[in-house]
Amino acid sequence: MSHNHFILKMLNIKDENIQVLDVIDTLSTNKEKTILIKARLSYPVERCVNCGFDTVLKNGFAKAHIRLDSLNGQRYEMLLHKQRFICKSCHSTFGVTTSLNKPNQTLSCKLKNQIMLLTKEGLNNELIARICHCSASSVRRTIIERGRSKYRVSVLPKHLCFDEFRSVKNVFSFICCDAQSHKLVVKLPDRLSSTIINYFENRYSKQERDQVESVVVDLNAQYQRFIRRLFPNAKVIIDRFHIVQLVGRALDNYRVSLARSLDKKSREYKILKSQWRLFHKKMDELEDKKPTYLKGINEYMTQQNVIDLVTNKFPKFKTIYQMYQGITLALRDKDVTRLNDLLDNYTKTHTELDTTITTFRKNRSYLKNSVISQYSNGALEGINRKIKLLKRNCYGFRNQQFFFLRIDCIFA
């Protein structure tokens, strides 16, 4: 076979009308080593593309500069001589075309595909430009050209997850995903109730919205107000992570305030200061037989002894600790009866936990759904983490629309 065949095969160019003339090494304008491929594109044309008559004559060649995708980290470019034609009937001129690139564009389609693959990894525009040997503005134009925001998903999922994330200029934006497939459903510019209501009511019929069976939210009361209006048959589920987080924050805040009131040389202070993780460990997972050396206390003792030393001396802290452990174990074991008993039998401690329990009592039915249901906002929290990583890699965004396009590229 000819060298032309092997060069085109190496570059993964499938247009058989391209004929390679020469391959040379040169330097680009920024003194970067470039492999320049000189080629010619020509094929027979019988009729004019404008008038349709068969009065077509060859009219020389036109040069086209095409950026190819990188093979081994080097920059590849093609200087393509395209055949031109002139029509004797309508006196118009036209040239041959190729699938290598779009008309009047320098970047090849394969290079754009490479850009989009790197964009899916969450890299910033400058880094993608260095890898693909093009400019950052070319990367941005490619993302705008290829990235398309969906007007709506074809089928509204039966189980939804609601949350928000910080987008641009400290604005919180609404985000929703499918609780089963973990696919992104929508991103909205803000989290206002009117914006969310208008989106779902204008894009989905009432029959479609009636098919939604559950919506997982955090303890934000704003979502609970309009969920019944949008999805009449849906159960509201409070995310279990936010339940544990809220009661765990009350435990930590009282632990810190208690430690500040103690002597720094006392055993209780050292336990509260250095062994705080043990208070978040589930009660039935604590080691109560084998003593271990605990740093910070500098003593050998079991984990259960560490807990007992503090809870026996401070009854209020014991009440908060037992409430935290009870709620955590009730969620783990899916025990609705135990959760109801904890909320009903709680006595005020005049701490932050009082507010937490009051909030739980107001949302008792939603907490019951959380215990029974298998769905949570874990998938949406993972999506939000990738969004935060994208912002950190790109050093933030100014344009919200472009930011949303970058997010769509990752989760497409």
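Residues numbered from 1 in each chain as written. Predicted model: local features only at pLDDT ≥ 70, side-chain atom pairs only at ≥ 80, totals over all residues. Heavy atoms only, no water.

A. Here's a closer look at the overall build of the protein chain. Tallying secondary structure elements over the protein chain gives 17 helices and twelve strands in all. A compact globule built from 412 residues should have a C-alpha radius of gyration of about 22 Å, whereas the protein chain, at 32 Å, is more than 25% larger. Counting only C-alpha atoms and orienting by the principal axes, one finds that the protein chain spans roughly 100 × 55 × 40 Å. For the protein chain, the residues scored as buried account for 46% of the 412 residues in total. For the protein chain, the proportion of contacts with a sequence separation of at least 24, taken over those separated by at least 6, is 57%. Of the roughly 22,800 Å² of accessible surface on the protein chain, a fraction of 49% belongs to carbon and sulfur atoms. (Helix = DSSP H or I, 4+ residues; strand = E, 2+ residues; numbered from the N terminus. Rg over C-alpha atoms; globule rule 2.2 N^0.38 Å. Buried < 20%, exposed > 50% of the residue type's maximum accessible area, 1.4 Å probe, protein only. Contact = heavy atoms within 4.5 Å. Areas by Shrake-Rupley, 256 points an atom, 1.4 Å probe, with all protein chains shown as cover.)

B. Highlighting the nonpolar core. By size, the foremost hydrophobic cluster in this structure holds 65 residues, and its most contacted members are Phe 162, Phe 200, Phe 231 and Ile 327. Those residues in contact with Ile 327 that lie beyond four places of it in its chain are Ile 243, Val 247, Leu 339, Leu 342, Ile 357 and Phe 360. (Core = buried A, V, L, I, M, F, W, Y, C linked by side-chain atoms within 4.5 Å.)

C. Main features of helix 5 (residues 193-203). When helix 5 is considered as a whole, its buried residues turn out to be Ile 196, Ile 197, Tyr 199 and Phe 200. Along the axis of helix 5, the buried residues cluster in a sector spanning 160 degrees; they form a single face. (Arc of directions from axis to C-beta.)

D. Structural detail: the packing of aromatic side chains. Applying the stated criterion across every chain, the model contains 20 aromatic pairs. Ring geometry for Phe 279 and Phe 317: centres 5.2 Å apart, planes at 85 degrees, overall edge-to-face. With a gap of 38 residues between them, Phe 279 in helix 10 (residues 276-280) and Phe 317 in helix 12 (residues 315-333) connect regions that are remote in the sequence. Like Phe 317, Phe 279 is buried. Here Phe 403 and Phe 404 contribute two aromatic rings whose centre-to-centre distance is 6.2 Å and whose plane-to-plane angle is 40 degrees, an arrangement assigned as tilted. The pair formed by Phe 403 and Phe 404 is uniform in burial state, with each residue classed as buried. Over the aromatic face of Phe 172 sits the side chain of Arg 191, whose NZ or CZ is 4.5 Å from the ring centroid. (Phe/Tyr/Trp six-rings, centres within 6.5 Å; stacked < 30°, edge-to-face > 60°. Lys NZ or Arg CZ within 6 Å of the ring centre and 35° of its normal.)

E. Fine view of the state of the cysteines. Throughout the structure, instances matching the rule amount to zero disulfides. Cysteine Cys 134 is unpaired, with the sulfur of Cys 132 as its nearest cysteine sulfur at 5.3 Å. Taking the relative accessible area as the measure of exposure, Cys 134 reaches 13% and is therefore buried. Among the cysteines around Cys 177, which has no disulfide bond, Cys 161 carries the closest sulfur, lying 4.3 Å off. Judged by its relative accessible area of 0%, Cys 177 is buried. (Disulfide = S-S within 2.5 Å.)

F. Highlighting the packing of helix 8 (residues 240-260) against helix 14 (residues 352-362). Between helix 8 and helix 14, the least distance of the axes is 8 Å, while the angle of their chain directions is 165 degrees. By the angle between their axes, helix 8 is roughly antiparallel relative to helix 14. The element helix 8 and its partner helix 14 pack so that their crossing is left-handed. From helix 8, Ile 243, Leu 246, Val 247, Arg 249, Ala 250 and Asn 253 reach across to helix 14, where they touch Glu 352, Leu 353, Thr 356 and Phe 360. For the contact of helix 8 with helix 14, the residue count by class is six nonpolar, two polar and two charged. (Axes fitted to C-alpha atoms, helices over the stretch in contact; angles between N-to-C directions. Parallel < 35°, antiparallel > 145°, perpendicular 65-115°, else oblique. Left-handed = near helix turned anticlockwise from the far one by under 90°. Nonpolar A, V, L, I, M, F, W, Y, C, P; charged D, E, K, R; others polar.)

G. Looking closely at helix 13 (residues 336-344). Residues of helix 13 that are buried: Val 336, Leu 339, Leu 342 and Leu 343. For helix 13, the angular spread of the buried residues around the axis is 125 degrees, confining them to a single face. Close packing links the buried residues of helix 13 with helix 12, helix 14 and helix 15 (364-372). Of the residues that open helix 13, the one with a side-chain oxygen 3.3 Å from the backbone nitrogen of Thr 337 is Asp 335. (Polar contact = N/O pair within 3.5 Å; in protein donor to acceptor, adjacent residues only side chain to side chain.)

H. Summary view of the pairing of strand 2 (residues 33-41). Across nine bridges, the pairing between strand 1 (residues 18-27) and strand 2 is antiparallel. In the strand pairing of strand 2, Gln 19 is matched with Arg 40. By the bridge criterion, eight bridges tie strand 2 to strand 4 (residues 75-87) in an arrangement that is parallel. Note that in strand 4 the partner of Ala 39 across the bridge is Leu 80. (Pairing = 2+ DSSP bridges.)

I. Up close: the sheet that holds strand 6 (residues 159-166). A sheet is described by the order of its strands in space; here five strands give the open sequence 8-7-6-9-10, paired in mixed fashion. Of all the strands in the sheet, just strand 8 (184-188) and strand 10 (235-238) have a single pairing partner and so form its edges. Direction aside, neighbouring strands of the sheet carry axes that sit 25 degrees apart on average. Sheet strands in contact with helix 7 (residues 221-230) are strand 6, strand 7 (172-178), strand 9 (214-217) and strand 10, and its direction is about 145 degrees off that of strand 6.

J. Just a positive patch on the surface, in detail. A cluster of basic residues, Lys 120, Arg 385, Lys 386 and Arg 392, forms a positive patch on the protein surface. Broken down by element, the residue count for the positive patch peaks at three residues, all from helix 16 (residues 378-393). The class of Lys 386 is partly exposed, set by a relative accessible area of 45%. (Patch = residues over 30% accessible without salt bridge, like charges linked within 9 Å, V, L, I, M, F, W, Y side chains within 5 Å. Salt bridge = Lys/Arg side-chain N within 4 Å of Asp/Glu carboxyl O. Lys, Arg positive; Asp, Glu negative; His and termini not counted. Charge placed at Lys NZ, Arg CZ, Asp CG, Glu CD.)

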